Amino acid sequence: MGVRSPERMVDKVQNRALRGFLGVGIHHPITALETESNWIPARWRVRMKVVLYWQKLLIRPDSVIVKRVINCILANNIKVEWVSKIVSIFDKLKLGRSY
């Protein structure tokens, strides 16, 4: 059994709640339920929040310490886990290196 991400576990709870609210069985496609209820999967919401936070960080003035740290990380290609996750999100969304 592999490690499960928190987003996946939240998605499972959300899917179970959707099935309960809509009164359908476990074999009903989740995509149809999400479309019907206008719910967004947790993993998408998390990615959306990360991209919005990243955008907020990038438009900050250069005098802010967080902005200077990010510029240093990007300029020196330093491996930082959360920056790597942001890069992977941009790659998955096919946005390129627009930072």
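See the structure shown above.
Throughout what follows, the structure given in this document is the object of discussion. (Residues numbered from 1 in each chain as written. Predicted model: local features only at pLDDT ≥ 70, side-chain atom pairs only at ≥ 80, totals over all residues. Heavy atoms only, no water.)

**Some details on unusual backbone geometry**
Line of reasoning, step 1. Even without being a glycine, asparagine 38 presents a positive backbone phi close to 65°.
Line of reasoning, step 2. Assessed through its relative accessible area of 67%, asparagine 38 is described here as exposed.
Line of reasoning, step 3. Phi is positive for asparagine 77, close to 55°, though the residue is something other than glycine.
Line of reasoning, step 4. Structurally, the position occupied by asparagine 77 is in the loop between helix H4 (65-76) and helix H5 (81-92). (Buried < 20%, exposed > 50% of the residue type's maximum accessible area, 1.4 Å probe, protein only. Helix = DSSP H or I, 4+ residues; strand = E, 2+ residues; numbered from the N terminus.)

**Remarks on H5**
One full turn of an α-helix is made of 3.6 residues, so residues set three or four places apart face in the same direction.
Line of reasoning, step 1. Its twelve residues place the ends of H5 16 Å apart at the C-alpha level, agreeing with the 16 Å of an ideal helix rising 1.5 Å per residue.
Line of reasoning, step 2. Every buried residue of H5 is listed here: Val83, Ile86, Val87, Ile89 and Phe90. Down the axis of H5, the smallest arc covering the buried residues is 160°, so these residues share one side. Away from its buried face by more than 90 degrees, H5 exposes Glu81 and Lys92.
Line of reasoning, step 3. A positive backbone phi angle near 55° is found at lysine 94, which sits one or two residues after H5. (Expected span 1.5 Å × (residues − 1). Arc of directions from axis to C-beta.)

**Description of the nonpolar core**
Line of reasoning, step 1. Residues Trp54, Leu57, Ile70, Ile86 and Phe90 constitute the largest nonpolar core, which totals five residues.
Line of reasoning, step 2. Within the residue set of this core, elements represented by two or more residues are helix H3 (42-58) and H5. (Core = buried A, V, L, I, M, F, W, Y, C linked by side-chain atoms within 4.5 Å.)

**A few points about the packing of aromatic side chains**
Line of reasoning, step 1. Under the defined criterion, the tally for this structure stands at one aromatic pair.
Line of reasoning, step 2. When the centroid spacing of 6.1 Å and the interplanar angle of 90° are considered together, the rings of phenylalanine 21 and tryptophan 39 count as edge-to-face. Linking phenylalanine 21 in helix H1 (residues 6-22) with tryptophan 39 in the loop between helix H2 (30-37) and H3, this pair joins segments that are 18 residues apart in sequence.
Line of reasoning, step 3. For phenylalanine 21, a relative accessible area of 64% corresponds to the exposed category. (Phe/Tyr/Trp six-rings, centres within 6.5 Å; stacked < 30°, edge-to-face > 60°.)

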